[in-house]
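Summary of the model geometry
Each chain is listed here by its residues.
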Amino acid sequence: MHVYRCTEKGGKLMQVESMKPIVGPEPKLLLVGSMPGVRSLAEQQYYAHPRNHFWKIIGDLLGCSLYDASYQTKQKIMMDHHIAVWDVLKHCEREGSLDQAIRDEVPNDVQSFLREHPHIRTIGCNGRKAYESLVRHLPTHNEVYISYLPSTSPVPGRNVKTFEQKRDAWEQLFKEAAIIE
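Report follows, based on the coordinates.

This paragraph deals with the sheet that holds strand S4 (residues 29-33). With parallel pairing, the four strands of this open sheet are ordered in space as S5-S4-S8-S9. Every other strand in the sheet has two partners, leaving strand S5 (83-87) and strand S9 (145-149) as the edge strands with one partner each. Sheet twist, expressed as the mean angle between neighbouring strand axes with direction ignored, is 25 degrees. As paired elements, S4 and strand S8 (residues 122-126) share four bridges and run parallel to each other. Pairing of leucine 29 across the sheet is with threonine 122, part of S8.

Here helix H3 (residues 71-80) has its buried residues at Tyr71, Lys74, Ile77 and Met78. Buried residues of H3, viewed axially, fall in a sector of 120 degrees; they line one side. Where the residues of H3 are buried, they touch S4, helix H2 (54-62) and S5. Two residues or fewer past H3, histidine 82 is found with a positive phi of approximately 60 degrees.

This part is about the packing of H2 against H3. Contact geometry for H2 and H3: axes closest at 12 Å, N-to-C directions at 50 degrees. Here H2 lies oblique to H3, going by the angle between them. For H2 against H3, the interelement crossing comes out left-handed. For the pair H2 and H3, contact is made by Phe54, Trp55, Ile58 and Leu62 and by Tyr71, Lys74, Ile77 and Met78, respectively. For the contact of H2 with H3, the residue count by class is seven nonpolar, no polar and one charged.

Reading guide: rules and limits
- Residues numbered from 1 in each chain as written.
- Predicted model: local features only at pLDDT ≥ 70, side-chain atom pairs only at ≥ 80, totals over all residues.
- Heavy atoms only, no water.
- Pairing = 2+ DSSP bridges.
- Helix = DSSP H or I, 4+ residues; strand = E, 2+ residues; numbered from the N terminus.
- Axes fitted to C-alpha atoms, helices over the stretch in contact; angles between N-to-C directions.
- Buried < 20%, exposed > 50% of the residue type's maximum accessible area, 1.4 Å probe, protein only.
- Arc of directions from axis to C-beta.
- Contact = heavy atoms within 4.5 Å.
- Parallel < 35°, antiparallel > 145°, perpendicular 65-115°, else oblique.
- Left-handed = near helix turned anticlockwise from the far one by under 90°.
- Nonpolar A, V, L, I, M, F, W, Y, C, P; charged D, E, K, R; others polar.

Set out below in structure tokens:
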């Protein structure tokens, strides 16, 4: 199992490394975050913090309850629906879990991931930092549609304030990617 690395500097979590992706055969949609938060890294589970809306939104869209499901079940549901989950960043320096605190980012090799998984035609970026980092680090890729999605963080965003607004934006992308009708 790939584990995260952290280096203590002055008692603060500074160097973090992303986890391996959730990916099954023939994914059509890749959902990327910037870098997992402290709790997700500690538990080695994407979106492990119970206040994050990710699993609630995904469950709503796929018609199943994922909030209290085991992580193994969550991974299976994603793979069964041809959805991959990963991070734009391979590692970075950061204190805490906030995207604003990310420094010295090094990207994952998303280009190679797309070559290995040629059925992916859509990338959904969970939040502004994921989108900006992906666009900055991924060379132009004409065969893949890249979409900014409102962050599943419980913190209200600039233009998207409610859970329902977040869910609606994610639903639109899932329809465009032919994950749901």
